[in-house]
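# Architecture at a glance
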Amino acid sequence: MDDTRLQLKRYIVNHNFRKIVILTDDTILHLYSDYFDFLPDAKKLIIKVSISESAKKLSVCSQLWETLIAHEIDKEALWVNFGGGSVSDVGGFVAATFKRGIHMVNYPTTLLGMIDAAVGGKNGINIENVKNVVGCYYFPKSIFIDSSLLKTLPYTELLNGFAELLKYGLICDKQLWMELKSISSLKPQSISKDWIQRAIAMKTEIVEKDPYDAHERRILNVGHTIGHAIESFLMHSSLPITHGHAVAIGICYEALFSFIKGKLAKDKLEEIWRVIRKFYEFPDFSSSDVMKIAEFCMQDKKITQGVISIPLLTDIGTAIPSEKMTKQDILYLFDQAKMNFFNL
Ligand SMILES: NC(=O)c1ccc[n+]([C@@H]2O[C@H](COP(=O)([O-])OP(=O)(O)OC[C@H]3O[C@@H](n4cnc5c(N)ncnc54)[C@H](O)[C@@H]3O)[C@@H](O)[C@H]2O)c1
């Protein structure tokens, strides 16, 4: 048995849990059907749900709450989210609300899950296509990282998580950025466990300072305002892109905004564009696309009176939590980027 499963085994023994409830999705269970064989059958309950973004919904939560009642799960149970962010978002919400909260740990299986979704205590479900609109803060008691699970992750999912890793380098770990930018072709083996641990430590430290997103935590949103808008704009097109891919593009545009605001040096901006474009394709947006993207930006949660508050990069490895951005700024950014950065 690998170290991570041994750690989980010890954790279970130390806490003397009566039952272990493992939430996972069918793809993962199919790939790792014997992963939890070290736990006796009588002690474990594996719940398999067809979980993906579209399954982050209330009816799935209801099904899960009913299953827990049917199996007489109580506060002496351990809840394990074994999957990507979709699993930990739904599972976190169910664990937080069942009997007003049962002991929960995350056991992420995607890169995004390991460095982002499993850390920081946010969970959530979608209602009527509004993403993560219902949820709460419920912090996992522990996070178990087995980076060998990444070997089966599809390339697009790897790239999806890699964007967040690049973001951590840019906002608070220059050394990490230097190491990431030297990767020539991204593979599961390129991702070191050390990077994952560093990213988790960085997010944990930022979240501890500001658990409920009032100030410092906002630097984690670098690239996300424009990224979310691009993701939403392309969602129903013939070429949708993953959240991480959109965030990677968003980082470039928001870095350009930092430069325009006099906060980021030109050579750093160009380096960011060059590195991110090495890994990610950039769609060629027409002016009417850009107008729609700017409108999506204006639906951002952090908007007041037509002005969005976004975090900005001030160097490679540092960021500030807030700067004001308007719709006009966004249109200008896309214009400038097309003229100056697509040929770097
Ligand atoms: N709560 C937070 O702080 C937070 C942060 C970031 C993202 N999220 C949420 O996370 C979700 C996205 O999560 P995700 O990117 O981890 O993807 P995901 O959980 O949707 O999984 C993506 C796909 O990868 C498959 N998969 C998972 N692990 C695998 C493995 N080891 N091998 C092969 N296939 C595997 C899954 O079955 C699924 O088909 C979104 O809903 C997003 O809103 C939450």
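Quick caveat: nothing in here was measured; it's all calculated off a predicted structure. (Residues numbered from 1 in each chain as written. Predicted model: local features only at pLDDT ≥ 70, side-chain atom pairs only at ≥ 80, totals over all residues. Heavy atoms only, no water.)

### A closer look at unusual backbone geometry
- Of note, the phi angle at Asn 16 is positive, near 55 degrees, even though the residue is not glycine.
- Within the element layout of this structure, Asn 16 appears in the loop between helix H1 (3–15) and strand E1 (19–25).
- Even without a glycine there, the phi angle at Asn 132 is positive, about 55 degrees.
- Relative to the helices and strands, Asn 132 resides in strand E6 (residues 130–134). (Helix = DSSP H or I, 4+ residues; strand = E, 2+ residues; numbered from the N terminus.)

### A short note on the environment of Pro 211
- Relative to the helices and strands, Pro 211 resides in the loop between helix H8 (193–209) and helix H9 (224–235).
- Residue classification places Pro 211 among the partly exposed positions, given a relative accessible area of 26%.
- Along the backbone, Pro 211 and Gly 120 are 91 residues apart, and their C-alpha atoms lie at a distance of 7.6 Å.
- Once residues lying within four places of it in the same chain are set aside, the contact partners of Pro 211 are Tyr 137, Phe 139 and Arg 217. (Buried < 20%, exposed > 50% of the residue type's maximum accessible area, 1.4 Å probe, protein only. Contact = heavy atoms within 4.5 Å.)

### Concerning the packing of helix H3 (residues 58–70) against helix H4 (residues 85–97)
- Relative to each other, H3 and H4 sit at 50 degrees, their axes nearing to 10 Å. As summarised for this structure, H3 and H4 are arranged oblique, according to the angle between their axes. Both H3 and H4 take part in a crossing whose hand is right-handed. Of the residues in H4, those touching H3 at Val 60, Cys 61, Leu 64, Trp 65 and Leu 68 are Val 90, Phe 93, Val 94 and Thr 97.
- The class makeup of the residues in the contact of H3 with H4 is eight nonpolar, one polar and no charged. (Axes fitted to C-alpha atoms, helices over the stretch in contact; angles between N-to-C directions. Parallel < 35°, antiparallel > 145°, perpendicular 65-115°, else oblique. Left-handed = near helix turned anticlockwise from the far one by under 90°. Nonpolar A, V, L, I, M, F, W, Y, C, P; charged D, E, K, R; others polar.)

### Points about H1
- Spanning 13 residues, H1 covers 18 Å between terminal C-alpha atoms, matching the ideal 18 Å at 1.5 Å per step.
- Buried residues along H1 sit against E1, strand E3 (77–83), strand E4 (103–108) and H8.
- Between the side-chain oxygen at the start of H1 and the backbone nitrogen of Thr 4 there is a gap of 3.1 Å, and the oxygen is on Asp 2.
- Among the residues trailing H1, Asn 16 stands out with phi positive, at a value near 55 degrees. (Expected span 1.5 Å × (residues − 1). Polar contact = N/O pair within 3.5 Å; in protein donor to acceptor, adjacent residues only side chain to side chain.)

### Considering the domain arrangement of the protein chain
- Considered domain by domain, the protein chain is made up of domain 1 (3–152) and domain 2 (155–340).
- Put simply, the middle of domain 1 and the middle of domain 2, counted by C-alpha atoms, are 28 Å apart.
- Counting residues at the interface gives 15 residues for domain 1, matched by 21 residues for domain 2.
- In total, domain 1 and domain 2 occlude about 1,800 Å² of area from one another, counting both sides; carbon and sulfur atoms represent 67% of this.
- One can count two salt bridges joining domain 1 with domain 2.
- It is helix H5 (residues 111–117) that contributes the most residues to the side of domain 1 that touches domain 2, five residues altogether.
- Residues of the side of domain 1 that touches domain 2, tallied by class, amount to nine nonpolar, three polar and three charged. (Domains from an automatic or database assignment. Buried area = accessible area lost by both parts, 1.4 Å probe. Salt bridge = Lys/Arg side-chain N within 4 Å of Asp/Glu carboxyl O.)

### A few points about the pattern of salt bridges
- All chains considered together, the criterion is met by 17 salt bridges.
- Note that Lys 209 is salt-bridged to Glu 205, the shortest N-O span being 3.9 Å. Taken together, the positions of Lys 209 and Glu 205, both in helix H8 and four residues apart, correspond to about one turn of that helix.
- Glu 205 sits in the partly exposed class, given a relative accessible area of 48%.
- Where Asp 284 meets Lys 338, a salt bridge forms, and the shortest distance between an N and an O atom there is 3.3 Å. Of the two residues, Asp 284 sits in the loop between helix H11 (266–279) and helix H12 (287–297) while Lys 338 sits in helix H13 (residues 327–340), which places them 54 residues apart along the sequence.
- By relative accessible area, which is 43% here, Lys 338 ends up partly exposed.
- Each of Asp 173, Glu 179, Asp 194 and Arg 198 takes part in salt bridges that share partners, so that together they form one network.

### Side note on the site of the ligand
- Taken together, 26 residues sit near the ligand, with Asp 25, Glu 53, Ser 86, Thr 110 and Thr 152 positioned nearest.
- Taking Asp 89, its side chain carries an N or O atom lying 2.9 Å from a nitrogen atom of the ligand.
- The fraction of the free accessible surface of the ligand (870 Å²) that becomes covered by protein chains is 86%.
- Those elements giving two or more residues to the shell around the ligand turn out to be helix H2 (26–31), H4, H5, E6 and helix H6 (155–172).
- A per-element tally of the shell around the ligand places H5 first, with four residues.
- Its residues assigned to classes, the shell around the ligand comprises seven nonpolar, ten polar and nine charged.
- In terms of domain composition, the shell around the ligand takes at least three residues from each of domain 1 (3–152) and domain 2 (155–340). (Near = heavy atom within 4 Å. Areas by Shrake-Rupley, 256 points an atom, 1.4 Å probe, with all protein chains shown as cover.)

### Examining the sheet that holds E1
- Pairing in this open sheet of four strands is parallel, and the strands run E2-E1-E3-E4 from one edge to the other. Two strands in the sheet have a free side with no partner beyond their single neighbour: strand E2 (44–49) and E4. Strand-to-strand twist in this sheet, taken as the mean axis angle between neighbours without regard to direction, amounts to 20 degrees.
- As defined by bridge partners, E3 adjoins E4 across six bridges and the pair is classed as parallel. Looking across to E4, one finds that Leu 78 is bridged to His 103. (Pairing = 2+ DSSP bridges.)

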